[in-house]
Amino acid sequence: MKIRDREQFKELLTRNSPRFICTASELARRAGVHYSFISHLKDGRKSTCTPKTAALISVSLGVEIDSIFVPKITTASSAFDNQKMVA
């Protein structure tokens, strides 16, 4: 899964934001992931995670998964879809 809007995600974890839900360390604890992983998502050093991790993050934030993440289309999947269209 890929972060839909990094700025929106960052806003949910920024104390002075009107949309603030929790800190990155609190989210990491709630979701059962390492703080550095949340930090990397927040800072843009990572933009994807597994569907399971995306679900844990969205549940921990109390938001719908599709408001934060979009499915990541892999190159292999895209190539397969292109072959189907040609056939």
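One can find the structure itself at the top, above this paragraph.
Reading guide: rules and limits
Residues numbered from 1 in each chain as written. Predicted model: local features only at pLDDT ≥ 70, side-chain atom pairs only at ≥ 80, totals over all residues. Heavy atoms only, no water. Helix = DSSP H or I, 4+ residues; strand = E, 2+ residues; numbered from the N terminus. Buried < 20%, exposed > 50% of the residue type's maximum accessible area, 1.4 Å probe, protein only. Contact = heavy atoms within 4.5 Å. Areas by Shrake-Rupley, 256 points an atom, 1.4 Å probe, with all protein chains shown as cover. Salt bridge = Lys/Arg side-chain N within 4 Å of Asp/Glu carboxyl O. Core = buried A, V, L, I, M, F, W, Y, C linked by side-chain atoms within 4.5 Å.

Chemist: Any chance you could explain the overall build of the protein chain here in plain terms?
Modeler: Looking only at helices and strands, one finds six helices and two strands in the protein chain. Shown N-terminal to C-terminal, the secondary structure of the protein chain runs as helices and strands in the order β-α-α-α-α-α-β-α. In the protein chain, which comprises 87 residues, the share counted as buried stands at 32%. In the protein chain, the share of contacts with a sequence separation of at least 24, taken over all contacts with a separation of at least 6, comes to 54%. Summed over its atoms, the accessible surface of the protein chain is roughly 5,600 Å², and 55% of this surface lies on carbon and sulfur atoms.

Chemist: What is the right way to look at the pattern of salt bridges in this model?
Modeler: Pairs may arise between side chains of opposite charge once their charged atoms sit close together. Tallied over the full model, the rule gives four salt bridges. Arg6 serves as the salt-bridge partner of Glu7, at 3.1 Å between the closest nitrogen and oxygen. In this structure Glu7 comes out as partly exposed when scored by relative accessible area, which is 45%. On the basis of relative accessibility, which here comes to 29%, the residue Arg6 falls in the partly exposed class. Note that Glu26 and Arg29 form a salt bridge whose closest N and O atoms lie 2.7 Å from each other. With Glu26 and Arg29 both in helix 2 (residues 24-31) and three residues apart, this pair spans about one turn of that helix. On the accessibility criterion, Glu26 (23% relative accessible area) is partly exposed.

Chemist: Can you walk me through the nonpolar core in this structure?
Modeler: The tendency in soluble globular proteins is for nonpolar side chains to be buried side by side. Residues Phe9, Leu13, Leu27, Ile38, Ile57, Leu61 and Phe69 are the most contacted members of the largest nonpolar core, which totals 20 residues. At the level of secondary structure, the elements contributing two or more residues to this core comprise helix 1 (6-12), helix 2, helix 3 (35-43) and helix 4 (51-61). Ranked by residues supplied to this core, first place goes to helix 2 with four residues. Ignoring sequence-local partners within four residues, the contact set of Phe69 consists of Met1, Lys2, Ile3, Arg4, Cys49, Ala54 and Ile57.

Remember, this is a structural readout, not a statement about activity or role.
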